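# Structure assessment
Here are the chains, one letter per residue:
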Amino acid sequence: VEAGLGRSGALATFIAVAVGIIAFATGLHGGESPRTFAALIASWLFFAGISAGAFAFVAFFQIVDAGWARPLASRVRLPASFAPVAFAVLVVILAGARSAPWLPSESSGSSWLRLSSLGTREIGLALILFGLARLLLRSKPGGTKPQNRAAAVVYCLIYAVVLSVWAFDFVLGPDPIFESTIIGPYVFMAAFIAGTGVVILIGLARGALSEAQRRDAGSMVLALSIFWVYLFWSQYLTIWYGDLPQETVFALRRAQGGWGAVVLTVICLVFAVPFVMLLNPRGRRSARVLEGVIVIQLVGLWLNCHLLVVPSLAAVGTPPLELRDVLIALGMFGAFALSSVRGIEMNLAPA
């Protein structure tokens, strides 16, 4: 760890993990438990989504042979490194379904959200997803052989299915009323955008992208930002136009009590900033601009996960963002950095 992050970096990440664990543990009493688990679910959804989305990036560019993506797709090791941590946190979340309860009661009659069904489904799908990621890792990165492309196609399909189930269980699950058919694509595309951003950041840190390749990478970030806001608007428009109580309650809960500012911040960070900064070709070619835009967008995507999960479990009148929420996210970031340090070091090593 010290070799990959340096002495100060290693110490900072260990402290971050410790602080996150303490923040989570101290929030497990009384009425704070649901929100504490909501913060953990939101951060897990973000970081596990980055891991799965980064491998979806690799799989996509094994199907589509784009020259600019080869320096990136051939060096990604993050998902395989973080998978054990993501799986362990998933077990903690499932264990909290009884102690905190962040799910509707089993007497509600929903067999889909019954703890036995939920646990079996989530653990099984996580094993399949990250198992396929490891198989994809063993295939020659950027290869064009039929077996490589077949594995990539299978991974992309499984990725869409598994993250859609994550959306059904962890976004719709805590809300007993709201129903959405677009929430699956919304979640797995947000994870793909986050994973793509991390992959490009690694390439920029290594200096693996030429000016022309940076332009193409910036164009992809811009296109994905536009597609994200299209999905966001599609969800909002159907709620506004339909004006159904089971849908408007979900939207109004995220527009009142300070949450409206969070919504505007998410739109600004995920869409507006990338759109303004990368619309100009000079912004797409600049490594510093591209790095800054991606970091800003990643912060916005974490806030997006927070917005999807936390309002359903937070008490009415509580602030949208509490210190414990940030500390839990910081702990997850530290765990992500520590588990991925070997993969990052491999990617930063000279070619």
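This text follows the structure it describes.
The present account deals with the structure reproduced in this document.

Definitions and limits used
- Numbers given for residues are sequential positions, taken from 1 along each chain in its written order.
- Two thresholds apply to this predicted model, a pLDDT of at least 70 for residue-level local features and 80 or more for giving and counting side-chain atom pairs, whereas whole-chain, interface and lining totals are computed over all residues.
- Side-chain metrics in this entry use all non-hydrogen atoms of the structure; hydrogen atoms and water are not considered.
- Buried, partly exposed and exposed residues are distinguished by accessible area as a fraction of the type maximum, computed with a 1.4 Å probe on protein chains only: under 20%, between the cut-offs, and over 50%, respectively.
- Helical segments are the DSSP runs of H or I of at least four residues, strand segments are the runs of E of at least two, and each set is numbered from the N terminus.
- The directions from the helix axis to the C-beta atoms form the arc being described.
- Contacts are assigned to residue pairs with any non-hydrogen atoms lying within 4.5 Å of each other.
- Only protein atoms enter the 1 Å grid used here. Points where a 1.4 Å probe fits but cannot escape make up a cavity, open sets with protein on both sides within 12 Å along at least five of seven lines make up a pocket, and a residue lines them when an atom lies within 4 Å of a point.
- Grid points are joined across faces, edges and corners, and a volume is the space filled by probe spheres set on the points.
- Only Asp, Glu, Lys and Arg are considered charged, only Ala, Val, Leu, Ile, Met, Phe, Trp, Tyr, Cys and Pro nonpolar, and every remaining residue, Gly among them, polar.
- Comment: axis = line fitted to C-alpha atoms, over the contacting stretch for helices; angle = value between 0 and 180 degrees taken between N-to-C directions.
- Roughly parallel covers angles under 35 degrees, roughly antiparallel covers those over 145, roughly perpendicular covers 65 to 115, and oblique covers all other angles.
- When the near helix sits turned anticlockwise from the far one by under a right angle, the crossing is termed left-handed; a clockwise turn instead gives a right-handed crossing.
- Only Phe, Tyr and Trp rings take part, Trp by its six-membered ring, and two of them pair if their centres are within 6.5 Å. Stacked means planes under 30 degrees apart, edge-to-face means over 60, and tilted covers everything else.

### Overview of helix H9 (residues 245-253)
Turning to H9, its buried residues number three or more, namely Glu247, Thr248 and Phe250. End-on, the buried residues of H9 take up no more than an arc of 155 degrees, which puts them together on one face. On the buried face of H9, the contacting elements are helix H8 (211-242) and helix H12 (287-309).

### Here's the deal with the layout of surface pockets
Put simply, the largest pocket is a space of about 660 Å³. At the level of elements, helix H1 (2-26), helix H2 (33-63), helix H7 (183-206), H12 and helix H13 (323-348) are the ones that each hand at least two residues to the lining of the largest pocket. In terms of residue count, the dominant contributor to the lining of the largest pocket is H13 (seven residues). Of the residues contributing to the lining of the largest pocket, the split by class is 21 nonpolar, one polar and no charged. Of the voids in this model, the second largest pocket is the one considered here, and its volume is about 480 Å³. Along its surface, the second largest pocket is lined by 22 residues, and Phe232, Tyr236, Ile239, Ala251 and Arg254 are the ones closest to its centre. Mapped onto the lining of the second largest pocket, the elements with two or more residues apiece are H7, H8, H9, helix H10 (259-278) and H12.

### Observations concerning the side chain of Ser225
Here Ser225 shows up in helix H8. Given a relative accessible area of 0%, Ser225 falls into the buried group. Excluding anything up to four places from it in sequence, Ser225 contacts Val270, Phe271, Pro274 and Gln297.

### Remarks on the packing of H10 against H12
With their axes 9 Å apart at the nearest point, H10 and H12 run at an angle of 155 degrees to one another. Comparing the axis directions of H10 and H12 gives the class roughly antiparallel. Handedness of the crossing formed by H10 with H12: left-handed. Residues Trp259, Val262, Val263, Thr265, Val266, Leu269, Val270, Val273, Pro274, Met277 and Leu278 of H10 form the contact with H12, whose participating residues are Val289, Leu290, Val293, Ile296, Gln297, Val299, Gly300, Leu301, Leu303, Asn304, His306 and Leu307.

### Observations concerning the packing of aromatic side chains
Counted according to the given criterion, the structure contains 21 aromatic pairs. Taking 6.5 Å as the distance between ring centres and 65 degrees as the angle between the ring planes, the aromatic pair formed by Phe57 and Trp68 counts as edge-to-face. Of this pair, Phe57 sits in helix H2 while Trp68 sits in the loop between H2 and helix H3 (70-73), and the two are 11 residues apart along the sequence. Each of the two residues, Phe57 as well as Trp68, counts as buried.

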